[in-house]
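# Breakdown of the fold
Okay, here's what each chain looks like letter by letter:
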Amino acid sequence: MQGTVATFDARTRTGVLLLDDGTELAFPAHAFDASGLRLLRLGQRLRVDLGPDGGVVRVTLPTMT
């Protein structure tokens, strides 16, 4: 699944993605920390990895594996 960064707080390392279907999906700090990224910018495309419970476990650039 992919989305676009709608908000990102560098201090808390949390944010909200706007998914391709128009829904918003919040991601927690641990999902950002798992990405290996240092910063996100508004409008940036991200891939979202979900855990078995449906929660966001990692956000990464679409080109990263």
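Keep in mind it's a predicted model, so treat the numbers as computed, not measured. (Residues numbered from 1 in each chain as written. Predicted model: local features only at pLDDT ≥ 70, side-chain atom pairs only at ≥ 80, totals over all residues. Heavy atoms only, no water.)

### What to know about the overall build of the protein chain
In terms of helices and strands, the protein chain carries one helix and five strands. Starting at the N terminus and ending at the C terminus, the protein chain contains elements arranged as β-β-β-α-β-β. In terms of overall size, the protein chain behaves like a compact globule, its C-alpha atoms giving a radius of gyration of 10 Å where 65 residues would be expected to give roughly 11 Å. Across the 65 residues that make up the protein chain, the buried fraction comes to 32%. Pairs at least 24 residues apart make up 40% of the contacts formed inside the protein chain by residues separated by at least 6 positions. Taken as a whole, the protein chain presents about 3,900 Å² of accessible surface, with 55% of it coming from carbon and sulfur. Of note, the protein chain has its 7 positive side-chain charges centred 10 Å away from the centre of its 7 negative side-chain charges. (Helix = DSSP H or I, 4+ residues; strand = E, 2+ residues; numbered from the N terminus. Rg over C-alpha atoms; globule rule 2.2 N^0.38 Å. Buried < 20%, exposed > 50% of the residue type's maximum accessible area, 1.4 Å probe, protein only. Contact = heavy atoms within 4.5 Å. Areas by Shrake-Rupley, 256 points an atom, 1.4 Å probe, with all protein chains shown as cover. Lys, Arg positive; Asp, Glu negative; His and termini not counted. Charge placed at Lys NZ, Arg CZ, Asp CG, Glu CD.)

### Overview of the pattern of salt bridges
All told, the structure shown has five salt bridges when counted by the stated rule. One salt bridge connects arginine 47 with aspartate 49, and the closest N-O pair in it is separated by 3.5 Å. A salt bridge links arginine 58 to aspartate 49, with the nearest nitrogen and oxygen atoms 3.0 Å apart. Shared partners join several salt bridges into a network, and the residues in it are Arg47, Asp49 and Arg58. (Salt bridge = Lys/Arg side-chain N within 4 Å of Asp/Glu carboxyl O.)

### Observations concerning the packing of aromatic side chains
If you walk through the whole model with that rule in mind, you get two aromatic pairs. Taken together, a centroid distance of 6.4 Å and an interplanar angle of 15° make the contact between phenylalanine 8 and phenylalanine 27 stacked. You can see phenylalanine 8 sitting in strand β1 (residues 2–9) and its partner phenylalanine 27 sitting in strand β3 (residues 24–27), a full 19 residues away along the chain. Both residues of the pair, phenylalanine 8 and phenylalanine 27, belong to the buried class. On the basis of an interplanar angle of 50° and a centroid distance of 4.9 Å, the ring pair of phenylalanine 8 and phenylalanine 32 is categorised as tilted. Here phenylalanine 8 is found in strand β1, whereas its partner phenylalanine 32 is found in helix α1 (residues 29–33), with 24 residues between them in sequence. (Phe/Tyr/Trp six-rings, centres within 6.5 Å; stacked < 30°, edge-to-face > 60°.)

### Here we look at the pairing of β3
Across four bridges, strand β2 (residues 14–19) lies against β3 in antiparallel orientation. Of the residues in β3, the one forming a bridge with valine 16 is alanine 26. Counted along the chain from β2 to the antiparallel partner β3, the turn is four residues long, and its residue glycine 22 has a positive phi close to 95°. (Pairing = 2+ DSSP bridges.)

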